[in-house]
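Here's the letter readout for the chains.
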Amino acid sequence: MSGHEIAIPMRAKFFTTGTKVLLLIALAGIATYVYRFFVGLGAVTNLDNQYPWGLWISIDVASGVALAAGGFTTAAIADIFHKDKYHVITRPALLTALLGYTFVVIGLLADLGRWYNVWHPMLPNMWQGNSALFEVGMCVMVYLTVLYIEFVPIVVERFKGRVNLPGALAGLNKLIEGLLNLADKTLVRFTSLFIIAGVVLSCLHQSSLGTLMIIAPTKVHALWGTTISPLLFLMSAIAVGFPMVIFESILASRSFKLKPEVNVLSSLARYTPFLLGAYLAFKIGDITIREIWPLVFTFDKYSTMWLIEMIFGVIVPMIILAIPKYRKKVAGLFTAASLVIAGVALNRIDAYLVAYKPLYVDHAYFPSIFEITVTAGLIATLVLVYRAIVMIFPIISVPVDEAEKIKNGTHEKINFARWK
Amino acid sequence: MSLKRRDFLGIAALSSATLVTGKATASEAPAHNPDALGVLVDTAVCSGCRKCEWACNRTHELTDRPMSTFEDKTVFELHRRPDRDAFTVVNQFIAPENPEKPYAIKVQCMHCLRPACVSACIVGALEKTPEGPVIYDAWKCIGCRYCIVACPFQIPAYEYDEALAPEVKKCSFCYERVVKEGKLPACTEICPNEALTFGRRDELIDIAHSRIKNHPGMYYDHVYGEHEVGGTSWLYLTPTDFKNTELPDVGTEVGPDITEPIQHGVFKAFVPPLALYGLLGLAMHQFKGEKDKAEETE
């Protein structure tokens, strides 16, 4: 299967109407982000002693990590369980994870009061093995490094033997070429060791993100505050991995006017109803064992959010993807994948924000315009960087006979409207 | 070759694990120190003079406000919370048994015996000292504010308006004065009618129970802080059910007793992560073998 596909850099005009809009959002976000470091958290956020964590932690960090799960789930299925047909999506998935985690760290820095101390958890005299956050911090740091190492073969493939920097930088050509050769002989050979490490590290910190909030049992609403929260976080991260890959693959195909990989994507989507089903079963089992079904049907803020999460984020996409007729269509795949993604993101927002009940409250938290601008700006920047990287590096796979035409820009441009 | 490398990785991970878990066991529930200190707050006796607020403010150099600003009783309508510039506040509450006479209650860090903030802190910037005080080291702090999320009493405050080096601010139980200089906490020292009693926590609990016994009708029969969230260094006597005051009903469950067993279970001598690594490595090897066979037969 994979023999018929080859990853190549995409060719397209970087700036379209869409990317120009994204650029505006990105610039606004970057400006606000920089501003925050001059004026402090109080001036740009609505955070206070009642609500110490807000939009940035629940979306940029918690949802960001969950939605980057496509990286390790795809690596597991393609590289560890050797389902070779999925190799065409491992690189896009890896890039998502790499950028996802990079932006998690960038977003986190804005939220840290003493961001310049972010490296402190690495110092042995500050290690704090009791803290779930310490584990998350360490795992994310190591995993981010692993992701960059996993990306090295792609850089080597693209530039080895072709380093040709212009002008004054030409003097560096030999050095860079040497480094690429060295990387090819060392890191690239042991990629599989890093791939396994990436899966282990992901399982560890995806679950620990679910441990964080349950340290304050009296401040977290019972629908989310459960001892099995770490397991639920891990299961939902695994469940959202493939939908995230499907979502992006379809968007990329649309953006670069390629034929969507419907076969690969819909066969990947076969797993999703089972993964969502297992998650749903544990959710329901947990609610049943703790005898809190009445809380589900109070239809207050909490029960409404929980029901939206479960019905639209889990049950509906489960049904769509369980039916082959819908699973084999781009529209069905895209709708279901979007729902799963929204559902898991909502779950993280609920667990970190909505379910958080300060003991003494005189007002509700709602993110400030600055907080929203930074979050939107980070997402827009991520998309733009993603686009730039797939245009420089061989990330997206196309059929071999199409590759040459795409390189020359003479391939048949398949418009979204013609997708079946 | 790859197996050897895996072993090497394993050994590297194991040796760092010993360091991590060594530290972890050291910071687990400290052995009960019979000399640990505490303060008993008797809200039946407190007159609400707010001199403790003033003394705290002056000792920790929080603001320049003169004593007179602390005599204002209208603040009692606000139900203030401790903040970056007020580590302790006095509020008022009504006991339904005697609605005519309002009572006053002093609020500050409870200095939990099993503090969630300490367990939560990613870098150990918060520490439960054997003497009792929970203290903060701004130099280590990364400013994540997980301590504020974790605190069952909503006590730590943050310097949100500080752009460069914000700190977590809360009552330190006058650690320097009490432990280093052998003095009383500033608030306790100034209290004019002995609403605050400083001493060994064990003894304070006995005193509290005997006050309840010896003054029937004066107290609700519960020493708040004796068992709440595993016990706190600061203890309260109330003239009415503590639920009528602003003391939160936090139960006796210890937050860190939920999260720490999970953390330590997952990382037990690093065996579970290494086992998962090994298992996945085996799967990778096995499935590759099967694929090769399939290709040969094709």
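Basis of the calculations
Residues numbered from 1 in each chain as written. Chains lettered and ligands numbered in written order. Predicted model: local features only at pLDDT ≥ 70, side-chain atom pairs only at ≥ 80, totals over all residues. Heavy atoms only, no water. Pairing = 2+ DSSP bridges. Helix = DSSP H or I, 4+ residues; strand = E, 2+ residues; numbered from the N terminus. Axes fitted to C-alpha atoms, helices over the stretch in contact; angles between N-to-C directions. Buried < 20%, exposed > 50% of the residue type's maximum accessible area, 1.4 Å probe, protein only. Contact = heavy atoms within 4.5 Å. Buried area = accessible area lost by both parts, 1.4 Å probe. Salt bridge = Lys/Arg side-chain N within 4 Å of Asp/Glu carboxyl O. Polar contact = N/O pair within 3.5 Å; in protein donor to acceptor, adjacent residues only side chain to side chain. Parallel < 35°, antiparallel > 145°, perpendicular 65-115°, else oblique. Left-handed = near helix turned anticlockwise from the far one by under 90°. Nonpolar A, V, L, I, M, F, W, Y, C, P; charged D, E, K, R; others polar. Phe/Tyr/Trp six-rings, centres within 6.5 Å; stacked < 30°, edge-to-face > 60°. Lys NZ or Arg CZ within 6 Å of the ring centre and 35° of its normal. pLDDT = per-residue confidence, 0-100.

A. Just the sheet that holds strand 1 (residues 37-42) of chain B, in detail. Residues and elements named next belong to chain B. Here three strands make up an open sheet; going across it, the order is 8-1-9 and the pairing mixed. If you trace the sheet from one side to the other, it starts and ends with strand 8 (196-200) and strand 9 (234-237), each paired once. Pairwise comparison of adjacent strand axes, ignoring direction, gives a mean angle of 25 degrees for this sheet. Both strand 1 and strand 9 contribute to a ladder of four bridges, which runs parallel. The residue of strand 9 that forms the bridge with V39 is W234.

B. Structural view of the pairing of strand 3 (residues 103-107) of chain B. Residues and elements named next belong to chain B. The buried fraction of strand 3 amounts to five of the five residues, a majority that puts the element mostly inside the structure. On strand 3, burial covers both faces: Y103, I105 and V107 on one face and A104 and K106 on the other are all buried. By the bridge criterion, five bridges tie strand 2 (residues 89-93) to strand 3 in an arrangement that is antiparallel. Each bridged residue has a counterpart across the sheet, and for V90 the counterpart in strand 3 is K106.

C. Structural detail: the interface of chain B and chain A. Each side of the interface is counted separately: chain B has 72 residues, and chain A has 65 residues. Counting the surface lost from both chain B and chain A, the interface buries some 6000 Å², and carbon and sulfur atoms represent 64% of this. A per-residue breakdown of the area chain B buries against chain A is headed by Q154, Y160 and M284 of chain B, which together make up 13% of the total. The interface formed by chain B and chain A contains two salt bridges. For R114 of chain A, the salt bridge identified is with E167 of chain B, shortest N-O distance 3.9 Å. Inspection of the region where chain B meets chain A yields 30 residue pairs in polar contact (both at pLDDT 80 or more).

D. A look at the packing of helix 13 (residues 301-322) of chain A against helix 15 (residues 330-354) of chain A. All names here are of chain A. Orientation of helix 13 relative to helix 15, taken along the N-to-C sense of each, is 155 degrees, at an axis distance of 8 Å. As judged from the angle between their axes, helix 13 and helix 15 are roughly antiparallel. The interaxial crossing formed by helix 13 with helix 15 has left-handed handedness. The segment helix 13 lies against helix 15, with K301, Y302, M305, I308, E309, F312, G313, V316, P317, I320 and L321 engaging G332, L333, T335, A336, L339, V340, G343, L346, N347, D350 and V354. Taken together, the residues that form the contact of helix 13 with helix 15 break down as 14 nonpolar, five polar and three charged.

E. Structural detail: unusual backbone geometry. Residues and elements named next belong to chain B. One non-glycine residue, E61, lies in positive phi territory at about 50 degrees. Within the secondary structure, E61 sits in the loop between helix 2 (51-59) and strand 2. With a phi angle near 55 degrees, Q154 is a residue other than glycine that sits in the positive phi range. Residue position: Q154 is located in the loop between helix 4 (146-150) and strand 6 (157-158). Classification of Q154 by relative accessible area gives buried; the value is 7%.

F. Geometry of the packing of aromatic side chains. A complete count under the given rule lists 26 aromatic pairs over all chains for this structure. Seen from their ring centres, Y101 of chain A and Y143 of chain A are 4.9 Å apart, and the 90 degrees between their planes marks the pair as edge-to-face. Of this pair, Y101 of chain A sits in helix 5 (residues 87-111) while Y143 of chain A is found in helix 6 (residues 132-159), placing the two residues 42 residues apart along the sequence. Each residue in the set Y33, F37, W115 and Y116 of chain A is aromatic and connected to the rest through ring pairs, giving one cluster. Above the ring of F14 of chain A, the side-chain terminus of R387 of chain A is found at 5.8 Å from the ring centroid. The residue whose ring lies beneath R145 of chain B is Y158 of chain B, and the NZ or CZ to ring-centre distance is 5.6 Å.

G. The confidence of the model for chain B, seen in detail. Residues at a pLDDT of 70 or more form 87% of chain B, whose mean pLDDT is 88. Every residue in residues 1-28 of chain B scores below 50 in pLDDT, and together they form 33 contacts with partners more than four places removed in sequence or on other chains.

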